[in-house]
Amino acid sequence: MAASPSSSPAAAGVGGQSLTPLAPSPHLTNFFVWREFVWGGIAGAFGEGMMHPVDTLKTRLQSQAIMTGAKAQKNIFQMVRTVWASDGLRGFYRGISPGVTGSLATGATYFGVIESTKTWLEIANPNLSGHWSHFIAGAIGDTLGSFVYVPCEVMKQRMQVQGTQKSWASAVAKGSISQTHGTQMYGYYNGMFHAGCSIWRDHGLKGLYAGYWSTLARDVPFAGLMVTFYEAMKEMTEYGKTKYLPHSDLDISNSFEGLVRGGLAGGCSAYLTTPLDVIKTRLQVQGSTSKYNGWLDAITKTWASEGVRGLFKGSVPRIIWYIPASAFTFMAVEFLRDHFNDKVDADAHELTSLSIDTRSEVEKSA
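Model, not experiment: these values are computed from the prediction.

Caption draft 1: Structural view of empty space enclosed by the protein. Within this structure, the stated rule accounts for 1 cavity of 30 Å³ or more. One number sums up the size of the largest cavity: a volume of about 410 Å³. Ser103, Thr106, Phe222, Trp321 and Tyr322 are the residues nearest the centre of the largest cavity, which is lined by 26 residues in total. Contributing elements (two or more residues each) for the lining of the largest cavity: helix 1 (26-62), helix 5 (96-124), helix 6 (131-162), helix 9 (212-244) and helix 13 (315-365). Sort the elements by how many residues they give to the lining of the largest cavity and helix 13 lands first, with 6 residues. In terms of residue class, the lining of the largest cavity is built from 9 nonpolar, 7 polar and 10 charged.

Caption draft 2: Representation of the nonpolar core within the structure. If you look at the biggest cluster of nonpolar residues, it comprises 20 residues, and the most contacted ones within it are Tyr110, Met226 and Trp321. Those elements that provide at least two residues to this core are helix 1, helix 5, helix 9, helix 10 (254-272) and helix 13. The element that contributes the greatest number of residues to this core is helix 13, accounting for 6 residues. Setting aside residues no more than four positions away along its own chain, Tyr110 makes contact with Gly138, Gly141, Asp142, Ala223, Met226 and Val227. Within the second largest apolar cluster, 12 residues are counted, among which are Met155, Met159, Tyr189 and Ile199.

Caption draft 3: The side chain of Gln157, seen in detail. When you line up the elements, Gln157 lands in helix 6. A residue is classified by how much of its surface remains accessible, and Gln157, at 0% relative accessible area, is buried. When sequence neighbours within four positions are dropped, the list of residues in contact with Gln157 reads Lys58, Thr59, Lys280, Thr281, Gln284 and Val285.

Caption draft 4: Local environment of the environment of Thr143. On the secondary structure map, Thr143 appears in helix 6. Accessibility expressed as a relative area gives 23% for Thr143, which makes it partly exposed. Along the primary structure Thr143 and Leu216 are separated by 73 residues, whereas in three dimensions their C-alpha atoms are 6.8 Å apart. Not counting chain neighbours up to four residues away, the residues in contact with Thr143 comprise Tyr212, Leu216 and Val220.

Caption draft 5: View of helix 11 (residues 274-285). Along its 12 residues, helix 11 runs 16 Å from first to last C-alpha, staying within 8% of the 16 Å computed at 1.5 Å per residue. Counting buried residues in helix 11 gives 11 out of 12 residues, a clear majority hidden from the surface. For helix 11, the complete set of buried residues consists of Thr274, Pro275, Asp277, Val278, Ile279, Lys280, Thr281, Arg282, Leu283, Gln284 and Val285.

Caption draft 6: How the structure looks around the pattern of salt bridges. Here the structure, examined in full by the defined rule, presents 15 salt bridges. Arg201 is the partner of Asp202 in a salt bridge, and the nearest nitrogen-oxygen pair spans 3.4 Å. As a salt-bridge pair, Glu306 and Arg282 come within 2.7 Å of each other at their nearest N and O atoms. Pair noted here: Glu306 is in helix 12 (residues 295-311) and Arg282 is in helix 11, with a separation of 24 residues, a long-range link. Using a relative accessible area of 18% as the deciding quantity, one classes Glu306 as buried. With a relative accessible area of 0%, Arg282 lands in the buried category.

Caption draft 7: Representation of the packing of helix 6 against helix 11. Where helix 6 meets helix 11, the closest approach of the two axes is 9 Å, and the angle between their N-to-C directions is 75°. By the angle between their axes, helix 6 is roughly perpendicular relative to helix 11. For the pair helix 6 and helix 11, contact is made by Val150, Glu153, Val154, Gln157, Arg158 and Val161 and by Lys280, Thr281, Gln284 and Val285, respectively. Class assignment for the residues of the contact of helix 6 with helix 11 results in 4 nonpolar, 3 polar and 3 charged.

Caption draft 8: Quick look at the packing of aromatic side chains. All told, the structure shown has 10 aromatic pairs when counted by the stated rule. The structure contains a cluster of three or more aromatic residues connected by ring pairs, namely Tyr110, Phe111, Tyr230 and Phe330. The residue whose ring lies beneath Arg261 is Tyr230, and the NZ or CZ to ring-centre distance is 5.1 Å. Looking at Arg318, its charged tip hangs above the ring of Phe222, at a distance of 5.6 Å from the centre.

Caption draft 9: Summary view of the environment of Gly266. Within the element layout of this structure, Gly266 appears in helix 10. Through-space distance from the C-alpha of Gly266 to that of Phe222 is 8.4 Å; in sequence the pair is 44 residues apart. Each residue touching Gly266, except ones within four places of it in the same chain, is listed here: Phe222, Met226, Tyr322 and Ser326.

Caption draft 10: The environment of His131, seen in detail. Residue placement: His131 occurs in helix 6. Looking at His131, the relative accessible area reads 34%, which means it is partly exposed. Sequence separation between His131 and Leu225 is 94 residues, and the spatial gap between their C-alpha atoms is 9.6 Å. Excluding its chain neighbours within four sequence positions, the residues that come into contact with His131 are Thr228, Glu231, Ala232 and Glu235.

Analysis parameters
- Residues numbered from 1 in each chain as written.
- Predicted model: local features only at pLDDT ≥ 70, side-chain atom pairs only at ≥ 80, totals over all residues.
- Heavy atoms only, no water.
- 1 Å grid on protein atoms, 1.4 Å probe; cavity = no way out; pocket = protein on both sides within 12 Å on 5 of 7 lines; lining within 4 Å.
- Points joined across faces, edges and corners; volume = space filled by probe spheres on them.
- Helix = DSSP H or I, 4+ residues; strand = E, 2+ residues; numbered from the N terminus.
- Nonpolar A, V, L, I, M, F, W, Y, C, P; charged D, E, K, R; others polar.
- Core = buried A, V, L, I, M, F, W, Y, C linked by side-chain atoms within 4.5 Å.
- Buried < 20%, exposed > 50% of the residue type's maximum accessible area, 1.4 Å probe, protein only.
- Contact = heavy atoms within 4.5 Å.
- Expected span 1.5 Å × (residues − 1).
- Salt bridge = Lys/Arg side-chain N within 4 Å of Asp/Glu carboxyl O.
- Axes fitted to C-alpha atoms, helices over the stretch in contact; angles between N-to-C directions.
- Parallel < 35°, antiparallel > 145°, perpendicular 65-115°, else oblique.
- Phe/Tyr/Trp six-rings, centres within 6.5 Å; stacked < 30°, edge-to-face > 60°.
- Lys NZ or Arg CZ within 6 Å of the ring centre and 35° of its normal.

Function cannot be read off these values alone, since they describe shape.
Here it is, written out as structure tokens:
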């Protein structure tokens, strides 16, 4: 997916002898890969910002068993009306700051590691490249981003279920929040910084990384599946063009193809990993209520009380969120590559050529 450096014309040497094209230095090769971290970070933040209201609905649907108990749970349309009636438009955008921050970090490591791994395999171990390498690269990239993403996710989801300060205070006063006897639900968070400090004060590092292993259990397969599906569809598209449209003048931009392939890959991966997302969300939202004692206990209790439907709670808004979010993310990455990679490549090669010319002049004068 990363653009490879284009070959420059052979330079004329001393005595009219032409020199072979100069191969990019290792530092320049690293530069071509490192820009993917930048594109990925921008694209990840863009996708999260566009789809945050849908993510808020998903979080509230999945956390109902903790916040209000397992009875009389709302569907997605009822939840939309509830959020709008109690919090207005602001309620849908609660927690957007930690959400964008976490997605920026994950997007950077996700795309950066994928492209770094692909570039390394193409150069050093071409026999190892394939769908398994894509899966592993996506999983590793997402795992690295989790060190920033998970604390941001904890803050984001707690802010999402709280809504506005007025609605949260009203819910606590009415006793509509399900709590374990003798415990107190966490207080209202005014913003990302306040949420982080409060969680650190009340629960320490463990609180900020609540549900960390369940997050990895969800995101590692999701990230691996998404990039695998994306690359497989990319190969299918290229095969179809070559076989069925070999002489066609049809020109489809990489951005549009990224939009379609990214949406399909994200939607399929999101549905398959919904049960893992439900468990992760409930572990992170519960706070001091301690309804679930770990990942296995959460699965067991959810299955016993709600069955399969409980494990797939919020699958519709999750898919609704991930199809456009993944589509926007991959579209943004492809757009940035199409519009900036050539310019960046040209500038980098110009700097390299200038360095070589300067070194040659110094050698001649010596």
